[in-house]
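Inside the fold
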Amino acid sequence: MTDLNALDLPNIALSTQGDVLTARLMKSEKRNALDEEMIRQLIDLFAAVPKSGVKAVVLCADGPHFCAGLDLKEHYNKDRSAAEFMQVCRGWHQAFNNIQHGGVPVVAALKGAVVGGGLELASAAHIRVADQTTYFALPEGQRGIFTGGGATVRVAELVGKHRMIDMMLTGRIYMKQEAMDVGLCQYLVAGEDSETLAQELAAKIVQNPSLSNMAITSAIDHISHMSGHDAYFAEAFIAGVVNTQEASRDRLKGFVEKTAPKTKPSQTPS
Ligand code: 1HE
């Protein structure tokens, strides 16, 4: 098992409750903008998470904003060449691929700005919970730059490429119910606390067998990029492994013996 506390993460605070790790971005003085060092820390953390025994992660941020995207000051001051920035993007891709495909569910608790690279980071999480302050934007067009952290794949998948093009061309901001409606987040809480619901969801998720969670968080995305022919084969193969796992036997027995809960809406009036 990898000890996450042994990692060198000066800007990400870690805490664990049961099987859930909370990873908090701690650069609120910069609105959690992503510089090369923060990306290095995200790469290291999410490479280690699958080997740590953690069963779900809540990704959240210190301060009023989740993440202001690319560190524009660093980018300006370094005056990078094309080749250098391409390497920066490869680091972002590595970090966010580690988040999305590590096999451990990641729930992002969002607030304030989730913009540019901040939205790229959030879209690598499996579940996004927004609060009333959360807003989503891709201000790259206005800044004279382009997305480089996977948005052309992940954000385009969430909202559709035509909406993404509009966001980048016009700087359009989505928030609240409209952000839900276009698919930027799956949950919207009434107040200004997305973390409580994110923790509740994570606590629920860790009750599933880890192999099921790994298949759900990784296989669906991989399969969606395959041809139909290959996808059916891959799905059957994964289901062959997951649906016959030892951890599912008791759950199936519970259904057969009528002790397991049924899948139907709660009787409690809302
Ligand atoms: C930053 C950054 C940053 C804040 N890089 N330093 N991202 C953007 O275009 C968003 C840029 N940021 C903003 O529009 C605003 O800062 C916020 C709306 C996020 C927050 O506003 P506010 O009033 O709460 O804070 P602030 O006073 O603007 O920022 C506080 C400090 O954080 C300030 O530094 P200070 O030294 O003056 O105290 C800001 O300069 C600093 N800060 N955001 C660097 N992004 C792989 S390609 C990805 C491409 C993109 O991500 S494009 C989107 C870039």
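Residues numbered from 1 in each chain as written. Predicted model: local features only at pLDDT ≥ 70, side-chain atom pairs only at ≥ 80, totals over all residues. Heavy atoms only, no water.

Turning next to the environment of Asn98. Position of Asn98 among the secondary structure elements: in helix α3 (residues 82-101). A C-alpha to C-alpha distance of 5.8 Å links Asn98 and Ala47, two positions 51 residues apart in sequence. Discounting residues that sit within four places of it in the chain, Asn98 has contacts with Ile43, Phe46 and Ala47. (Helix = DSSP H or I, 4+ residues; strand = E, 2+ residues; numbered from the N terminus. Contact = heavy atoms within 4.5 Å.)

This part is about the nonpolar core. If you look at the biggest cluster of nonpolar residues, it comprises 52 residues, and the most contacted ones within it are Leu42 and Phe96. Examining the composition of this core, we find that seven residues originate from one element, helix α1 (residues 36-48), more than from any other. In this view, Phe96 contacts Leu34, Ile39, Leu42, Gly117, Glu120, Leu121, Ala124, Gly149 and Arg154; residues no more than four positions away in its chain are not counted. (Core = buried A, V, L, I, M, F, W, Y, C linked by side-chain atoms within 4.5 Å. Buried < 20%, exposed > 50% of the residue type's maximum accessible area, 1.4 Å probe, protein only.)

Our next topic: the site of the ligand. Inspection of the region around the ligand gives 26 residues, with Ala68, Leu70, Lys73, Gly117 and Arg143 positioned closest. Within the backbone of Ala68, a nitrogen or oxygen atom sits 2.7 Å from a nitrogen atom of the ligand. Here an oxygen atom of the ligand and a side-chain polar atom of Arg143 are 2.5 Å apart. Compared with its free state, where it exposes 1,000 Å², the ligand has 69% of that area covered by protein. Among the residues forming the shell around the ligand, the class breakdown is twelve nonpolar, six polar and eight charged. (Near = heavy atom within 4 Å. Polar contact = N/O pair within 3.5 Å; in protein donor to acceptor, adjacent residues only side chain to side chain. Areas by Shrake-Rupley, 256 points an atom, 1.4 Å probe, with all protein chains shown as cover. Nonpolar A, V, L, I, M, F, W, Y, C, P; charged D, E, K, R; others polar.)

Once that is clear, we can look at the packing of aromatic side chains. Inspection of the entire model under this criterion finds two aromatic pairs. Relative to Phe237, the ring of Phe233 lies with its centre 5.8 Å away and its plane at 40°, an arrangement referred to as tilted. A residue pair is termed a helical-turn pair when its members lie 3 or 4 positions apart in one helix, as Phe233 and Phe237 do in helix α11 (residues 228-242) at four residues. Across the pair, exposure class does not vary: Phe233 and Phe237 are exposed alike. (Phe/Tyr/Trp six-rings, centres within 6.5 Å; stacked < 30°, edge-to-face > 60°.)

Another point: a nonpolar patch on the surface. Side chains of Leu211, Met214, Phe233, Phe237 and Val241 sit close together on the surface and give an oily, nonpolar patch of about 510 Å² of accessible area. Elements with a contribution of two residues or more to the nonpolar patch: α10 (210-224) and α11. (Patch = residues over 30% accessible without salt bridge, like charges linked within 9 Å, V, L, I, M, F, W, Y side chains within 5 Å. Salt bridge = Lys/Arg side-chain N within 4 Å of Asp/Glu carboxyl O.)

This part takes up the pairing of strand β6 (residues 127-130). Residues of β6 alternate between two faces, with Ile127 and Val129 on one and Arg128 and Ala130 on the opposite face, all of them buried. Where strand β4 (residues 106-109) lies against β6, three bridges are found, and the strand directions are parallel. What sits directly across from Ala109, in β6, is Val129. The pairing of β6 with strand β9 (residues 187-188) spans two bridges and is parallel. When the sheet's bridge partners are listed, Ala130 is paired in β9 with Leu188. (Pairing = 2+ DSSP bridges.)

So yeah, pure geometry; function would need other evidence.
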